[in-house]
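The residues making up each chain are set out below.
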Amino acid sequence: MKFKAFTLAEVLITLGIIGVVAALTMPSLIENHRKKEVVTKLKAFNSIMGQAFQMSKEENGDWDTWDGNRFGFGGDGYDWTSGDGEKQLEWLQKYVLPYMKVTETTTKGKYAIVGLPNGTGFSNYNQIYFFCLKFKDCKQTTETWNSRDRFIFEFSNSKGFITYGGNYSSREDIMNGSGSMHACNKTKGKGLCAKLIEYDGWEIRKDYPW
(Lines give C-alpha, C1' and ligand atoms only; values in the text may rest on other atoms or scores of the structure.)
Protein backbone atom coordinates (compact mmCIF):
# COMPACT_ATOMS: atom_id res chain seq x y z
CA MET A 1 0.00 0.00 0.00
CA LYS A 2 1.33 3.40 -0.91
CA PHE A 3 0.80 6.43 1.33
CA LYS A 4 0.63 9.91 -0.06
CA ALA A 5 3.17 12.17 1.57
CA PHE A 6 2.26 15.68 2.69
CA THR A 7 3.71 18.44 0.60
CA LEU A 8 5.79 21.18 2.21
CA ALA A 9 3.00 23.65 1.58
CA GLU A 10 0.47 21.46 3.37
CA VAL A 11 2.80 21.07 6.37
CA LEU A 12 3.36 24.82 6.57
CA ILE A 13 -0.36 25.54 6.34
CA THR A 14 -1.07 23.02 9.11
CA LEU A 15 1.61 24.52 11.34
CA GLY A 16 0.23 27.97 10.65
CA ILE A 17 -3.26 26.90 11.71
CA ILE A 18 -1.87 25.35 14.90
CA GLY A 19 0.02 28.56 15.62
CA VAL A 20 -3.10 30.70 15.19
CA VAL A 21 -5.16 28.43 17.46
CA ALA A 22 -2.43 28.47 20.10
CA ALA A 23 -2.16 32.25 19.93
CA LEU A 24 -5.91 32.54 20.48
CA THR A 25 -6.20 30.02 23.32
CA MET A 26 -2.94 30.40 25.28
CA PRO A 27 -3.79 33.76 26.93
CA SER A 28 -7.06 32.32 28.21
CA LEU A 29 -5.36 29.17 29.50
CA ILE A 30 -2.66 31.20 31.23
CA GLU A 31 -5.25 33.50 32.83
CA ASN A 32 -7.35 30.58 34.08
CA HIS A 33 -4.24 28.96 35.56
CA ARG A 34 -3.36 32.23 37.26
CA LYS A 35 -6.84 32.54 38.75
CA LYS A 36 -6.68 28.99 40.11
CA GLU A 37 -3.30 29.73 41.68
CA VAL A 38 -4.69 32.84 43.38
CA VAL A 39 -7.70 31.00 44.77
CA THR A 40 -5.64 28.01 45.94
CA LYS A 41 -3.10 30.11 47.82
CA LEU A 42 -5.70 32.52 49.17
CA LYS A 43 -7.79 29.65 50.54
CA ALA A 44 -4.70 27.97 52.00
CA PHE A 45 -3.67 31.18 53.78
CA ASN A 46 -7.14 31.62 55.23
CA SER A 47 -7.08 28.02 56.49
CA ILE A 48 -3.54 28.14 57.91
CA MET A 49 -4.14 31.37 59.80
CA GLY A 50 -7.60 30.36 60.97
CA GLN A 51 -6.26 27.10 62.41
CA ALA A 52 -3.34 28.89 64.07
CA PHE A 53 -5.62 31.35 65.83
CA GLN A 54 -7.97 28.56 66.86
CA MET A 55 -5.18 26.36 68.27
CA SER A 56 -3.75 29.34 70.12
CA LYS A 57 -7.17 30.06 71.57
CA GLU A 58 -7.36 26.53 72.95
CA GLU A 59 -3.98 26.94 74.64
CA ASN A 60 -3.96 30.63 75.59
CA GLY A 61 -7.62 31.21 76.36
CA ASP A 62 -10.36 33.19 74.64
CA TRP A 63 -9.24 35.81 72.14
CA ASP A 64 -10.61 38.68 74.22
CA THR A 65 -8.25 37.75 77.06
CA TRP A 66 -5.11 38.06 74.91
CA ASP A 67 -2.74 41.00 75.09
CA GLY A 68 -3.72 43.86 72.81
CA ASN A 69 -2.43 43.66 69.25
CA ARG A 70 -2.99 47.25 68.17
CA PHE A 71 0.15 49.32 68.43
CA GLY A 72 -1.01 52.19 66.24
CA PHE A 73 -3.29 54.10 68.56
CA GLY A 74 -2.62 57.77 69.14
CA GLY A 75 -3.52 59.73 72.25
CA ASP A 76 -6.83 60.97 70.86
CA GLY A 77 -7.84 57.87 68.95
CA TYR A 78 -6.75 55.80 66.00
CA ASP A 79 -3.53 56.86 64.34
CA TRP A 80 -2.59 54.99 61.16
CA THR A 81 0.81 56.67 60.98
CA SER A 82 2.10 55.23 64.25
CA GLY A 83 2.95 51.69 65.22
CA ASP A 84 5.77 49.37 66.23
CA GLY A 85 6.76 46.49 63.97
CA GLU A 86 8.92 44.90 66.66
CA LYS A 87 6.02 44.78 69.13
CA GLN A 88 3.75 43.56 66.35
CA LEU A 89 6.12 40.69 65.65
CA GLU A 90 6.49 39.85 69.35
CA TRP A 91 2.70 39.56 69.57
CA LEU A 92 2.64 37.22 66.58
CA GLN A 93 5.47 35.13 68.04
CA LYS A 94 3.55 34.76 71.27
CA TYR A 95 0.08 34.00 69.95
CA VAL A 96 0.18 32.91 66.31
CA LEU A 97 3.49 31.80 64.83
CA PRO A 98 4.07 28.87 67.22
CA TYR A 99 1.05 27.19 65.65
CA MET A 100 2.13 27.38 62.01
CA LYS A 101 5.20 26.88 59.82
CA VAL A 102 7.08 29.99 58.72
CA THR A 103 10.26 30.51 56.72
CA GLU A 104 11.20 34.06 57.68
CA THR A 105 10.18 36.87 59.98
CA THR A 106 11.25 40.49 59.85
CA THR A 107 9.94 43.99 60.48
CA LYS A 108 9.70 47.19 58.50
CA GLY A 109 8.54 50.32 60.27
CA LYS A 110 5.21 49.59 61.93
CA TYR A 111 4.80 46.23 60.17
CA ALA A 112 5.67 42.65 61.10
CA ILE A 113 6.41 40.60 57.98
CA VAL A 114 6.18 36.80 57.78
CA GLY A 115 7.10 34.35 55.00
CA LEU A 116 5.35 31.00 54.51
CA PRO A 117 6.66 27.69 53.07
CA ASN A 118 4.64 27.91 49.84
CA GLY A 119 6.31 31.19 48.87
CA THR A 120 3.50 33.45 50.04
CA GLY A 121 3.56 35.71 53.06
CA PHE A 122 1.91 38.57 54.89
CA SER A 123 2.57 41.86 56.59
CA ASN A 124 0.69 42.67 59.77
CA TYR A 125 -0.26 46.02 61.28
CA ASN A 126 -2.63 46.11 64.26
CA GLN A 127 -5.53 43.77 63.45
CA ILE A 128 -5.00 43.93 59.66
CA TYR A 129 -3.13 41.30 57.62
CA PHE A 130 -1.96 42.06 54.08
CA PHE A 131 -1.52 38.79 52.19
CA CYS A 132 1.03 38.59 49.36
CA LEU A 133 1.01 35.90 46.69
CA LYS A 134 4.80 36.35 46.60
CA PHE A 135 6.59 36.95 49.88
CA LYS A 136 9.17 39.28 48.32
CA ASP A 137 6.33 41.66 47.50
CA CYS A 138 5.45 41.93 51.18
CA LYS A 139 9.00 43.05 51.97
CA GLN A 140 9.03 45.59 49.18
CA THR A 141 5.61 47.16 49.80
CA THR A 142 4.12 46.33 53.18
CA GLU A 143 0.65 47.79 52.78
CA THR A 144 -1.22 47.58 49.50
CA TRP A 145 -4.02 45.54 47.97
CA ASN A 146 -5.59 44.74 44.62
CA SER A 147 -7.68 42.00 43.03
CA ARG A 148 -4.87 39.74 41.80
CA ASP A 149 -1.99 39.19 44.21
CA ARG A 150 -2.48 41.32 47.34
CA PHE A 151 -5.47 40.79 49.64
CA ILE A 152 -6.64 41.94 53.06
CA PHE A 153 -7.61 39.83 56.08
CA GLU A 154 -8.34 40.80 59.67
CA PHE A 155 -8.51 39.42 63.18
CA SER A 156 -11.19 40.26 65.71
CA ASN A 157 -11.73 39.00 69.24
CA SER A 158 -15.28 37.94 68.38
CA LYS A 159 -14.86 36.35 64.92
CA GLY A 160 -11.23 35.23 64.85
CA PHE A 161 -9.25 35.38 61.61
CA ILE A 162 -11.43 36.29 58.62
CA THR A 163 -11.31 37.91 55.21
CA TYR A 164 -11.47 41.70 55.53
CA GLY A 165 -14.97 43.11 55.69
CA GLY A 166 -16.66 41.08 58.39
CA ASN A 167 -19.72 43.32 58.42
CA TYR A 168 -20.55 42.77 54.75
CA SER A 169 -23.02 39.93 54.35
CA SER A 170 -24.31 40.20 50.76
CA ARG A 171 -22.57 39.94 47.41
CA GLU A 172 -24.05 43.25 46.30
CA ASP A 173 -22.58 45.06 49.30
CA ILE A 174 -19.18 43.44 48.84
CA MET A 175 -19.03 44.45 45.18
CA ASN A 176 -20.91 47.74 45.13
CA GLY A 177 -21.44 48.91 48.71
CA SER A 178 -21.85 52.67 48.47
CA GLY A 179 -20.43 53.13 51.95
CA SER A 180 -17.19 51.27 51.27
CA MET A 181 -14.17 52.68 49.48
CA HIS A 182 -12.87 49.09 49.45
CA ALA A 183 -15.72 47.53 47.44
CA CYS A 184 -14.48 44.84 45.07
CA ASN A 185 -15.15 46.27 41.61
CA LYS A 186 -13.15 47.95 38.86
CA THR A 187 -13.63 51.48 40.16
CA LYS A 188 -13.28 51.08 43.94
CA GLY A 189 -10.35 50.14 46.16
CA LYS A 190 -10.70 46.33 45.91
CA GLY A 191 -10.03 45.79 49.61
CA LEU A 192 -12.98 43.39 49.81
CA CYS A 193 -11.88 41.09 46.98
CA ALA A 194 -10.77 38.28 49.29
CA LYS A 195 -14.20 38.51 50.91
CA LEU A 196 -15.87 38.24 47.49
CA ILE A 197 -13.83 35.19 46.47
CA GLU A 198 -14.73 33.52 49.77
CA TYR A 199 -18.40 34.49 49.42
CA ASP A 200 -18.46 32.88 45.96
CA GLY A 201 -17.26 29.56 47.38
CA TRP A 202 -13.55 30.23 46.81
CA GLU A 203 -14.06 30.86 43.14
CA ILE A 204 -13.30 33.75 40.77
CA ARG A 205 -16.46 34.32 38.78
CA LYS A 206 -16.88 36.04 35.43
CA ASP A 207 -17.85 39.41 36.95
CA TYR A 208 -14.86 39.47 39.31
CA PRO A 209 -12.71 42.58 38.63
CA TRP A 210 -9.68 40.68 37.35
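Peer 1: Even after reading the chapter, I still don't get the pairing of strand β8 (residues 160-163), so can you show me in this structure?
Peer 2: In this sheet, β8 lies alongside strand β7 (residues 150-156) in antiparallel orientation, the contact comprising 4 bridges. Bridge pairing in β8 links F153 to T163. In sequence, β7 turns back onto β8 through a hairpin of 3 residues.

Peer 1: Would you take a moment to explain the pairing of strand β3 (residues 104-108) for this structure?
Peer 2: As judged from the 5 bridges shared by β3 and strand β4 (residues 111-115), these two strands associate in the antiparallel manner. Among the inter-strand pairings, T105 is bridged to a residue of β4, identified as V114.

Peer 1: Hey, could you run me through the state of the cysteines in this one?
Peer 2: Summed over all chains, the structure comprises 2 disulfides. Linked covalently through their sulfurs, C132 and C138 form a disulfide whose S-S length is 1.8 Å. Taking the torsion about the sulfur-sulfur bond, which here is approximately 110 degrees, the covalent link between C132 and C138 counts as right-handed. Neither C132 nor C138 differs from the other in exposure class; each is buried. Here the bonded cysteines of the protein chain are numbered in sequence order, and their pairing is 1-2, 3-4.

Peer 1: Can you help me understand the environment of F130 in this one?
Peer 2: For F130, the location among the structural elements is in strand β6 (residues 128-132). Classification of F130 as buried rests on a relative accessible area of 2%. Placed 22 residues apart in sequence, F130 and I152 show a C-alpha to C-alpha distance of 4.8 Å. Contacts of F130, omitting those with residues within four sequence positions, involve Y111, G121, F122, S123, C138, T142, E143, T144, W145, F151 and I152.

Peer 1: Looking at this structure, I do not really get the packing of aromatic side chains. What am I missing?
Peer 2: Per the stated rule, a full pass over the model turns up 21 aromatic pairs. An aromatic cluster of at least three residues, connected via ring pairs, comprises F45, F53, W63, W66, W91, Y95, F122, Y129, F131, F153, F155 and F161. Its guanidinium or amino end placed over the ring of W63, K57 lies 4.2 Å from that ring's centre, counting from NZ or CZ. Taking NZ or CZ as reference, K110 lies 4.2 Å from the ring centre of Y125, over its face.

About the criteria used
- Residues numbered from 1 in each chain as written.
- Predicted model: local features only at pLDDT ≥ 70, side-chain atom pairs only at ≥ 80, totals over all residues.
- Heavy atoms only, no water.
- Pairing = 2+ DSSP bridges.
- Helix = DSSP H or I, 4+ residues; strand = E, 2+ residues; numbered from the N terminus.
- Disulfide = S-S within 2.5 Å.
- Buried < 20%, exposed > 50% of the residue type's maximum accessible area, 1.4 Å probe, protein only.
- Contact = heavy atoms within 4.5 Å.
- Phe/Tyr/Trp six-rings, centres within 6.5 Å; stacked < 30°, edge-to-face > 60°.
- Lys NZ or Arg CZ within 6 Å of the ring centre and 35° of its normal.

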